[in-house]
Amino acid sequence: MSQLQINTTQNVKINFTASGVGERLLAFIIDMSIKIGYITILNFTVGAFQDLDQWSQIGISTLLGLPVMFYTLILEALLEGQTLGKKAMNIKVVKIDGYQASFADYVVRWFFRIVDIYIFGIGFFVIIFSKRSQRLGDMAAGTAVIVLKDKVTISHTILEDLQDDYRPTYPTVIKLSDNDVRIIKETFVLAKKSNDHATLMKLRYKIMEVIGLKQISGNDVEFIDVILKDYNFYTQSM
């Protein structure tokens with residue numbers, strides 16, 4: 001598996017593990033099995049409409065077949081970058097810039113499946129030789145497929161444990177978005193674990209710039225920890 005380095009809008013680099021062709025192939029097989037199972041059931045269902053004229057049967061078959069055609073697009077949009085196969089393999093579609101992929105990105109990836117999968121499976125060969133393990137659809141959409149953590153705890157989310165009597169310090173923290181805070185927390189946890197003081201200082205300066213602070217109390221670690229708690233306080237209270 002290759003490492004995927006995402007450069008966020010905070011100018012901080014975060015490393016992810018790019019999903020290999022084996023995991024993506026297994027996810028594809030799982031999804032394809034689900035589609036085949038649906039089609040098998042569909043064949044029995046369509047048989048119940050034999051008394052209808054030919055055009056009516058074609059219309060019903062086409063309508064009932066739409067879930068198979070749009071399976072990947074619909075699930076990736078609803079499950080934020082995952083199909084049932086990807087969920088089973090613990091992998092997910094993300095944007096190269098660190099943001100959540102948009103519906104338009106999923107549409108581009110879905111459209112390129114015609115080339116990537118159904119024309120000699122060229123996409124799987126492209127993944128093998130791609131630096132970021134991308135297929136053509138990923139390259140066109142600016143996305144990649146990454147491996148998720150096996151276990152998700154509160155430390156892996158933007159949520160923080162707050163005391164009932166917690167009092168916030170920086171009200172302007174609400175200028176941040178959920179995605180900003182997610183990136184801040186991921187970077188903060190990694191930098192604190194590796195004693196990367198340069199990254200902590202850069203992160204502190206960027207936060208101060210975005211939320212409009214001139215001075216702070218405490219060191220970089222204490223400040224960022226308060227910022228995360230303050231954001232949770234205000235957003236949970238809304």
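This is a predicted model, so every value here is computed, not measured.

This part takes up the nonpolar core. The biggest cluster of nonpolar side chains holds 18 residues, and the ones touching the most others in it are Leu176, Ile184, Ile207, Phe223, Ile224 and Ile227. Mapped by element, the contributors of at least two residues to this core are helix 9 (178–193), helix 10 (197–211) and helix 11 (220–237). Setting aside chain neighbours within four positions, we find Ile224 in contact with Ile184, Phe188, Leu200, Leu203, Arg204 and Ile207. With seven residues, the next largest nonpolar core counts Leu73, Ile91, Ala101 and Val145 among its residues.

So, on to the pattern of salt bridges. Under the counting rule described, the total for this entry stands at ten salt bridges. A salt bridge links Glu186 to Arg182; the shortest N-O distance between them is 3.4 Å. Within this pair, Glu186 and its partner Arg182 are both found in helix 9, separated by four residues, close to a single helical turn. Take Arg182: its relative accessible area is 25%, and that puts it in the partly exposed class. One salt bridge connects Glu209 with Lys206, and the closest N-O pair in it is separated by 4.0 Å. Here Glu209 pairs with Lys206, and both are found in helix 10, just three residues apart, close to one helical turn.

For the rest of this paragraph, the subject is empty space enclosed by the protein. The tally for this structure, following the rule as stated, stands at one cavity of 30 Å³ or more. What the largest cavity holds in volume is close to 210 Å³. Taken together, 17 residues make up the lining of the largest cavity; nearest its centre are Arg24, Phe28, Lys86, Arg113 and Ile117. Residue assignment for the lining of the largest cavity shows that the elements contributing at least two residues are helix 1 (21–47), helix 3 (71–78), helix 6 (113–116) and helix 7 (122–129). It is helix 1 that contributes the most residues to the lining of the largest cavity, five residues altogether. Here the residues of the lining of the largest cavity are counted per class, giving six nonpolar, two polar and nine charged.

For the rest of this paragraph, the subject is helix 7. Three- or four-residue spacings in an α-helix give side chains the same orientation, since the helix completes a turn every 3.6 residues. If you check which residues of helix 7 are buried, you get Gly123, Phe124, Val126 and Ile127. Around the axis of helix 7, the buried residues are gathered within 160° of arc, so they sit on the same side. Turned more than 90 degrees away from the buried face of helix 7 sit Phe125, Ile128 and Phe129, all of them exposed.

A word on the packing of aromatic side chains. Throughout the structure, instances matching the rule amount to six aromatic pairs. Between Phe28 and Phe124, the aromatic rings sit 5.9 Å apart at their centres with planes inclined by 70°, giving edge-to-face as the arrangement. In this pair, Phe28 sits in helix 1 while Phe124 sits in helix 7, placing the two residues 96 residues apart along the sequence. For the pair Phe28 and Phe124, a shared accessibility class is recorded, and that class is buried. Aromatic pair Phe233 and Tyr234: ring centres 5.4 Å apart, planes at 85°, arrangement edge-to-face.

Among the residues making up helix 3, those that are buried are Tyr71, Thr72, Leu73, Leu75 and Glu76. Positive backbone phi, at 55°, marks Glu80, one or two positions downstream of helix 3.

Our next topic: the side chain of Lys92. One can find Lys92 in strand 3 (residues 91–95). Glu80 provides the closest opposite charge to the buried, unpaired Lys92, separated from it by 4.4 Å. Among residues more than four places away in sequence, those in contact with Lys92 are Glu80, Gly81, Gln82, Gln100, Ala144, Val145, Ile146 and Leu148.

With that settled, consider the packing of helix 3 against helix 5 (residues 103–111). Two elements in contact, helix 3 and helix 5, have axes separated by 9 Å at closest approach and are oriented at 155°. Judged by the inter-axis angle, helix 3 sits roughly antiparallel to helix 5. For the element pair helix 3 and helix 5, the recorded crossing hand is right-handed. Contacts from Thr72, Leu73, Glu76 and Ala77 of helix 3 reach helix 5 at Phe103, Tyr106, Val107, Arg109 and Trp110. Partitioned by chemical class, the residues of the contact of helix 3 with helix 5 number six nonpolar, one polar and two charged.

About the thresholds
Residues numbered from 1 in each chain as written. Predicted model: local features only at pLDDT ≥ 70, side-chain atom pairs only at ≥ 80, totals over all residues. Heavy atoms only, no water. Core = buried A, V, L, I, M, F, W, Y, C linked by side-chain atoms within 4.5 Å. Buried < 20%, exposed > 50% of the residue type's maximum accessible area, 1.4 Å probe, protein only. Helix = DSSP H or I, 4+ residues; strand = E, 2+ residues; numbered from the N terminus. Contact = heavy atoms within 4.5 Å. Salt bridge = Lys/Arg side-chain N within 4 Å of Asp/Glu carboxyl O. 1 Å grid on protein atoms, 1.4 Å probe; cavity = no way out; pocket = protein on both sides within 12 Å on 5 of 7 lines; lining within 4 Å. Points joined across faces, edges and corners; volume = space filled by probe spheres on them. Nonpolar A, V, L, I, M, F, W, Y, C, P; charged D, E, K, R; others polar. Arc of directions from axis to C-beta. Phe/Tyr/Trp six-rings, centres within 6.5 Å; stacked < 30°, edge-to-face > 60°. Lys, Arg positive; Asp, Glu negative; His and termini not counted. Axes fitted to C-alpha atoms, helices over the stretch in contact; angles between N-to-C directions. Parallel < 35°, antiparallel > 145°, perpendicular 65-115°, else oblique. Left-handed = near helix turned anticlockwise from the far one by under 90°.

Shape descriptors only; they carry no functional weight alone.
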